Amino acid sequence: MGVIKDAFKVKAETLAAEIKTLIAEHGDKKIGEITLAQVYQGMRGMIGLVTETSLLDANDGIRFRGFSIPELREKLPRAEGGIEPLPEGLFHLMLLGEIPTKDEVDHLSATWARRSHVPNYVFDVIEALPVSTHPMTQFSVAILALQKESLFAKAYSEGISKKDYWDYIYEDSMNLIARLPRVAAYIYRRKYKGGDHIQPNGMLDWAGNFAHMMGYDDKRFYALLRLYMTIHADHEGGNVSAHATHLVGSALSDPYLALSAGINGLAGPLHGLANQEVIRWIEEMQQELGTELPSKEQISQYIKDTLAAGKVVPGYGHAVLRQTDPRFTAQMEFGKKHCPDSPLVQCVWNVYEVAPDILGATGKIKNPWPNVDAHSGALLKYFGLVEEDFYTVLFGVSRSLGVLASLCWDRALGFPIERPKSITTEYAKELVGAK
Ligand code: HAX
């Protein structure tokens, strides 16, 4: 076995034993109560899942294995001469619970480069779709096409012991993560660059090679993509993309099937697609007002008009967070360093100055603060990645790191098929004694 896999096996066996004891000794203790409103309103705050890779605090934001985003930007290894962490390091941390050394991260980069071959039939499947098909649909279809390569599906059909599931899920997950940048870059070059494809450079790190295959050679863009791939990777288990991947995987659908489901969830405008919507919303505002830099008064009015039209202000609000998302702040810091004069970036910052008060004043929006999607597009545009309908694909490539690390844990810990209880309104009335 490989070094990472060996280490994962030991950690998983230890945690599985701990969980067994925990359930035996405390399994009948109550850890919360469920109200009828929670059942109807998206299960907010209802504990129902275990996800080892990260934990979200409403005020402090995401922590990956206990580390905040500012801590990770400081502690995770970087590429030679690089200024932002390598996402390989975050994957190592999520899978094994430890900050890796530079050697360990380099080993992971090399492992993924070795596993990154994408069979030609996958490109043929992509080519069969109209070019106008949304990139997220092309991405999900390509992941499904790759499913033929699943080692888990093959082994399962031949008959394997439950004890060995994790091994094949791990292999599939590593292969899939390794292949995604090539698939995503192919879709990008096909849709926007006339099919002029760029071959991978096996000497580069995972995100660096992705930037290279998309056609970028600005080192600051490499840094941005490494940061982007790190901060979008995971947001505990209840968000739509993570939950969908976990749910589908719980039926022993392989990682290709499970991730494709997660990607379909990420493609929704209330989730990952919000990054595309934010840029469209700002550009429409600029166009309507006839200026690249609307005043704060103009922005305030535009926000009020958006609300009055019964639409959401994209990039604002969150089901769990109740503060500015630290992933927004990390991008803002990047912008201050690399592109403080960009009108679009300044527009994002001006929206941030006025939106929370207006959204808060509605009295119904629980979190008036910006989320991760409020900022990302403006930075990508600055570096020339102007095709906003591709932005959620970047998110999807990154999100694979968290949800597939979690899927490895799900199978290593022997989590069962997920099957919560649903009820009818008739039955709900009976439960609460309503007429
Ligand atoms: N603009 C306008 N209205 C908003 C709003 C926003 N940004 N955020 C919430 N609301 C509204 C809701 O639509 C809801 O209205 P109704 O009662 O009329 O249905 C009300 O305020 C209460 O909602 P909430 O409890 O504050 O928020 P939810 O937990 O239901 O929803 C969302 C969380 C993120 C979906 C929501 O804030 C939203 O739609 N935001 C805009 C889209 C967005 O940025 N999505 C990305 C979120 C982060 C993410 O997953 N990134 O991938």
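As the structure is a computational prediction, the values presented were derived from the model and not from experiment.

(A) Examining the overall build of the protein chain more closely. Helix and strand counts for the protein chain come out as 20 helices and 2 strands. Taking 435 residues into account, the globule formula puts the C-alpha radius of gyration at 22 Å, and the protein chain, at 22 Å, falls close to it. C-alpha atoms of the protein chain, sized along the principal axes, occupy 65 × 65 × 45 Å. When the 435 residues of the protein chain are sorted by exposure, 52% land in the buried category.

(B) Geometry of the site of the ligand. Around the ligand, the surrounding shell holds 21 residues, and the nearest of these are G315, Y316, K364, K366 and D373. In the environment of the ligand, an oxygen atom lies 2.8 Å from a nitrogen or oxygen atom belonging to the backbone of G315.

(C) Molecular detail of a nonpolar patch on the surface. On the surface, I34, L36, V39, Y40, I423, Y427, L431 and V432 cluster together into a nonpolar patch covering about 730 Å² of accessible area. Where the nonpolar patch is concerned, the elements lending two or more residues are α2 (36-40) and α20 (425-432). Turning to its location among the elements, V39 is positioned in helix α2. Take V39: its relative accessible area is 40%, and that puts it in the partly exposed class.

(D) Expanded view of the side chain of S140. In this structure, S140 sits in helix α7 (residues 135-146). A polar atom in the side chain of S140 sits 2.9 Å from the side chain of S260. Excluding residues within four positions of it along the chain, S140 makes contact with S260, I263 and N264.

(E) Fine view of helix α11 (residues 219-231). The first and last C-alpha atoms of α11 sit 19 Å apart over 13 residues, in line with the 18 Å expected at 1.5 Å per residue. Along α11, 11 of the 13 residues are buried, which leaves the element largely enclosed by surrounding structure. Between a side-chain oxygen at the N-terminus of α11 and the backbone nitrogen of R220 the separation is 2.8 Å; the capping residue is D218.

(F) Region of interest: the layout of surface pockets. What the second largest pocket holds in volume is close to 520 Å³. For the second largest pocket, the lining is made up of 15 residues, of which I19, L22, I23, I31 and V50 are closest to its centre. By residue class, the composition of the lining of the second largest pocket is 10 nonpolar, 3 polar and 2 charged.

(G) Representation of the pattern of salt bridges. A complete count under the given rule lists 20 salt bridges for this structure. We note a salt bridge from K154 to E158, for which the minimum N-O separation is 3.3 Å. With K154 and E158 both in helix α8 (residues 151-158), this residue pair falls 4 residues apart, about one helical turn. The exposure class of E158 is exposed, given its relative accessible area of 57%. If you follow the salt bridges from partner to partner, you end up with K5, R115, D167 and E171 in one network.

(H) Just the pairing of strand β1 (residues 54-57), in detail. Of the two faces of β1, the one holding S54 and L56 is buried and the one holding L55 and D57 is not buried anywhere. When β1 meets strand β2 (residues 61-64), the two strands line up antiparallel, connected through 4 bridges. Paired with D57 across the strands is G61, a residue of β2. From the end of β1 to the start of β2, which pair antiparallel, there are 3 residues.

(I) Molecular detail of empty space enclosed by the protein. Counting across every chain of the model gives 3 cavities of 30 Å³ or more. Each pocket or cavity is described by its volume, and for the largest cavity that value is around 120 Å³. What lines the largest cavity is a set of 17 residues, and nearest its centre among them are T51, H246, S406, L407 and D410. Sort the elements by how many residues they give to the lining of the largest cavity and helix α19 (residues 391-412) lands first, with 6 residues.

(J) Expanded view of the packing of aromatic side chains. A complete count under the given rule lists 19 aromatic pairs for this structure. Here the aromatic rings of W112 and W206 are separated by 5.4 Å at their centres, their planes lie at 55°, and the arrangement is tilted. In this pair, W112 sits in helix α5 (residues 102-114) while W206 sits in helix α10 (residues 206-214), placing the two residues 94 residues apart along the sequence. The burial state of W112 is the same as that of W206; both residues are buried. Cluster of aromatic residues (ring-pair linked, three or more members): Y188, Y192, Y216, F221, F334, Y382, F383 and F390. A cation over an aromatic ring shows up here: K219 above the ring of Y222, its NZ or CZ 4.5 Å from the ring centre. Over the ring of W349 we find K336, and its NZ or CZ is 5.9 Å from the ring centre.

What counts and how
Residues numbered from 1 in each chain as written. Predicted model: local features only at pLDDT ≥ 70, side-chain atom pairs only at ≥ 80, totals over all residues. Heavy atoms only, no water. Helix = DSSP H or I, 4+ residues; strand = E, 2+ residues; numbered from the N terminus. Rg over C-alpha atoms; globule rule 2.2 N^0.38 Å. Buried < 20%, exposed > 50% of the residue type's maximum accessible area, 1.4 Å probe, protein only. Near = heavy atom within 4 Å. Polar contact = N/O pair within 3.5 Å; in protein donor to acceptor, adjacent residues only side chain to side chain. Patch = residues over 30% accessible without salt bridge, like charges linked within 9 Å, V, L, I, M, F, W, Y side chains within 5 Å. Areas by Shrake-Rupley, 256 points an atom, 1.4 Å probe, with all protein chains shown as cover. Salt bridge = Lys/Arg side-chain N within 4 Å of Asp/Glu carboxyl O. Contact = heavy atoms within 4.5 Å. Expected span 1.5 Å × (residues − 1). 1 Å grid on protein atoms, 1.4 Å probe; cavity = no way out; pocket = protein on both sides within 12 Å on 5 of 7 lines; lining within 4 Å. Points joined across faces, edges and corners; volume = space filled by probe spheres on them. Nonpolar A, V, L, I, M, F, W, Y, C, P; charged D, E, K, R; others polar. Pairing = 2+ DSSP bridges. Phe/Tyr/Trp six-rings, centres within 6.5 Å; stacked < 30°, edge-to-face > 60°. Lys NZ or Arg CZ within 6 Å of the ring centre and 35° of its normal.

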